[in-house]
Amino acid sequence: NYGGTMPQRLSACDTVVFLDFPSITCLWRVLKRRVMFAGKNRPDMGKGCPERLTWEFLRYILTYRTTRRPRIRQLLAQVDDGTRVVILADKVGFDDFLATLPLMISADDSRGS
């Protein structure tokens, strides 16, 4: 997202994690969230931001791989050699990647884990 500033953001980071999931996976998850949280706030969203779905967003999902993804992949191929680029294309890869990260628990984490 925000492709106009991506080159600046890529030059300032040391690690890039690109979630490159199939369109059908993204579409399924958006529709699932829409049903689960229709008219309500998702726990990961700010107050006053109820779940909604627009045709524009559906079109974005369905055209992303052909309209935006090629440019992002091109930019990722050009990042500085010192920048770590992680491309995750499915849930298994995502879960495996998360398992490699150190556990970070905030002192004010109310869940206790």
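Residues numbered from 1 in each chain as written. Predicted model: local features only at pLDDT ≥ 70, side-chain atom pairs only at ≥ 80, totals over all residues. Heavy atoms only, no water.

A short note on the layout of surface pockets
Once rolled over the atoms, a probe with the size of a water molecule shows which space is left empty.
Thought 1: In this model, the second largest pocket occupies a volume close to 240 Å³.
Thought 2: Taken together, Val30, Arg33, Arg42, Met45, Cys49, Pro50, Glu51, Arg52, Leu53, Thr54 and Phe57 form the lining of the second largest pocket.
Thought 3: Looking at the lining of the second largest pocket, its residues break down into six nonpolar, one polar and four charged. (1 Å grid on protein atoms, 1.4 Å probe; cavity = no way out; pocket = protein on both sides within 12 Å on 5 of 7 lines; lining within 4 Å. Points joined across faces, edges and corners; volume = space filled by probe spheres on them. Nonpolar A, V, L, I, M, F, W, Y, C, P; charged D, E, K, R; others polar.)

Some points on the pattern of salt bridges
Thought 1: What the rule picks out here adds up to five salt bridges.
Thought 2: Arg73 is paired through a salt bridge with Asp20; the nearest N and O atoms lie 3.0 Å apart. On the criterion of sequence distance, the pair formed by Arg73 in helix α4 (residues 69-77) and Asp20 in the loop between β1 (15-19) and α2 (23-36) is long-range, its members being 53 residues apart.
Thought 3: Look at Arg73 and you get partly exposed, because its relative accessible area is 34%.
Thought 4: Overall, the relative accessible area of 5% leaves Asp20 in the buried class. (Salt bridge = Lys/Arg side-chain N within 4 Å of Asp/Glu carboxyl O. Helix = DSSP H or I, 4+ residues; strand = E, 2+ residues; numbered from the N terminus. Buried < 20%, exposed > 50% of the residue type's maximum accessible area, 1.4 Å probe, protein only.)

Let's talk about the nonpolar core
Thought 1: Within the largest apolar cluster, nine residues are counted, these being Met6, Leu10, Val16, Phe18, Tyr64, Ile72, Leu75, Leu76 and Val79.
Thought 2: For this core, the secondary structure elements donating two or more residues are α1 (6-12), β1 and α4.
Thought 3: In contact with Val79, other than residues within four places in its own chain, are Leu10 and Val85. (Core = buried A, V, L, I, M, F, W, Y, C linked by side-chain atoms within 4.5 Å. Contact = heavy atoms within 4.5 Å.)

Some details on the environment of Gln78
Thought 1: Relative to the assigned elements, Gln78 resides in the loop between α4 and β2 (84-88).
Thought 2: A relative accessible area of 55% means that Gln78 is categorised as exposed.
Thought 3: Linking Gln78 and Pro7, residues 71 residues apart in sequence, is a C-alpha distance of 9.6 Å.

Let's talk about the side chain of Arg42
Thought 1: Looking at the element boundaries, Arg42 is found in the loop between α2 and α3 (55-67).
Thought 2: Of the polar contacts made by the side chain of Arg42, one reaches the side chain of Asp44; its length is 2.9 Å.
Thought 3: Ignoring any residue separated from it by four or fewer positions in sequence, one finds Arg42 in contact with Arg33, Phe37 and Glu51. (Polar contact = N/O pair within 3.5 Å; in protein donor to acceptor, adjacent residues only side chain to side chain.)

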